[in-house]
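Structural characterization, general
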Amino acid sequence: MSELKYCQGPECHTHQTKDRIKGPKGNKTYQTRRRSSFYYGNRNFCSTWCQTQWFNKFGNQAIDHFGRTTEPKILTEQNAWYKSIDWQLDDDNEHRYYSFNPLTKEQRPLTKEQYKDNNYTLNTG
Ligand SMILES: [Zn+2]
């Protein structure tokens, strides 16, 4: 059984939909949506509306907290690598995982473990 969690939209409860009406008869109120899973904003929001409301209220604080971009980032041969999957199955009935560098057009094979490891990258810059 999955745990229920609340939508993180700061104004979620103000969106007047039937499914937000909760509480005992005679004391019904509009409340923040609660679900076992959400689809938006890394599964934190019930809708893009709630996600946008959150960003409008907290976005600047979040960007300042994690680091505001103040100069251009530059794509180079050293940091252009990204991971991909060839969905066509090989002779062993497996997908082929690889890193691809769109600037050099170079392709290098990856193991499935390297592909799934979020810390593994060929990028150096
Ligand atoms: Zn919401």
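This report concerns the structure included in the present document. What you see as residue numbers is a count from 1 along each chain, following the sequence as written. It should be noted that, the model being predicted, local features are given only for residues of pLDDT at least 70 and side-chain atom pairs only at 80 or more, the latter also being counted only at that level, while totals for whole chains, interfaces and linings use all residues. As a rule here, side-chain values come from all non-hydrogen atoms in the structure, and water together with hydrogens is ignored.

We call an atom a donor if it is N, O or S and sits within 2.8 Å of the metal, or 3.2 Å for Na, K and Ca. Water is not counted, so some sites may look partial. Binding of the zinc ion to the protein goes through Cys7 (SG), Cys12 (SG), Cys46 (SG) and Cys50 (SG), at separations of 2.2 to 2.3 Å. Here a site with four donors is tetrahedral if all angles are between 85 and 135 degrees, and a site with four or six donors is square planar or octahedral if opposite donors are over 155 degrees apart and the other angles are between 65 and 115; anything else gets the irregular label. Classification of the site at the zinc ion rests on its four donor atoms, whose angles at the metal span 105 to 114 degrees, yielding the label tetrahedral. Every donor residue of the zinc ion comes from the same chain, spaced as C-x4-C-x33-C-x3-C. With a gap of 38 residues between them, Cys12 in the loop between strand E1 (5–6) and strand E2 (21–22) and Cys50 in helix H1 (residues 48–66) connect regions that are remote in the sequence. Summarising the burial analysis for this pair, Cys12 and Cys50 share the class buried. Secondary structure is summarised from DSSP: a helix means a run of H or I of at least four residues, a strand means a run of E of at least two, and numbering begins at the N terminus for each. Partly exposed residues are those whose accessible area sits between 20% and 50% of the maximum for their type, while under 20% is buried and over 50% is exposed, using a 1.4 Å probe and protein chains only.

Relative to the 27 Å expected for 19 residues at 1.5 Å per residue, H1 spans just 22 Å between its end C-alpha atoms, considerably shorter than the ideal helical length. The quantity called bend is, for any residue, the angle between two axes fitted respectively to the seven residues ending at it and the seven beginning at it. The principal kink in H1, of about 65 degrees, is found at Phe58. Positive backbone phi, approximately 115 degrees, marks Gly67, located one or two places after H1. Here, expected helix span is obtained from the residue count minus one, scaled by 1.5 Å.

Further remarks concern the environment of Phe45. With respect to the element layout, Phe45 can be found in the loop between strand E4 (34–35) and H1. Residue classification places Phe45 among the buried residues on the basis of a relative accessible area of 7%.

Attention now goes to the pattern of salt bridges. Oppositely charged side chains may form a pair once their charged atoms are brought near each other. The salt bridge definition used is simple: a Lys or Arg side-chain nitrogen within 4 Å of an Asp or Glu carboxyl oxygen. Applying the stated rule across the entire model yields five salt bridges. With a closest N to O distance of 2.9 Å, Arg35 and Asp19 form a salt bridge. Of this pair, Arg35 sits in strand E4 while Asp19 sits in the loop between E1 and E2, and the two are 16 residues apart along the sequence. Take Arg35: its relative accessible area is 32%, and that puts it in the partly exposed class. A salt bridge links Arg108 to Glu106; the shortest N-O distance between them is 2.7 Å. When its relative accessible area of 36% is taken as the criterion, Arg108 is described as partly exposed.

To count toward a patch, a residue needs a relative accessible area above 30% and no salt bridge. Like charges then connect within 9 Å, nonpolar side chains (Val, Leu, Ile, Met, Phe, Trp, Tyr) within 5 Å. The accessible surface values rely on the Shrake-Rupley method and a 1.4 Å probe; as for residues, cover is taken only from the protein chains in view. Note on charges: Lys and Arg go in the positive column, Asp and Glu in the negative column, and His and the chain ends are not counted at all. Where a charge sits is defined by one atom per residue type, namely NZ (Lys), CZ (Arg), CG (Asp) or CD (Glu). On the surface, a cluster of negative charge is contributed by Asp90, Asp91, Asp92 and Glu94. By the secondary structure assignment, Asp91 is in the loop between strand E5 (82–86) and strand E6 (96–101). Taking relative accessible area as the criterion, Asp91 reaches 83% and is therefore assigned exposed.

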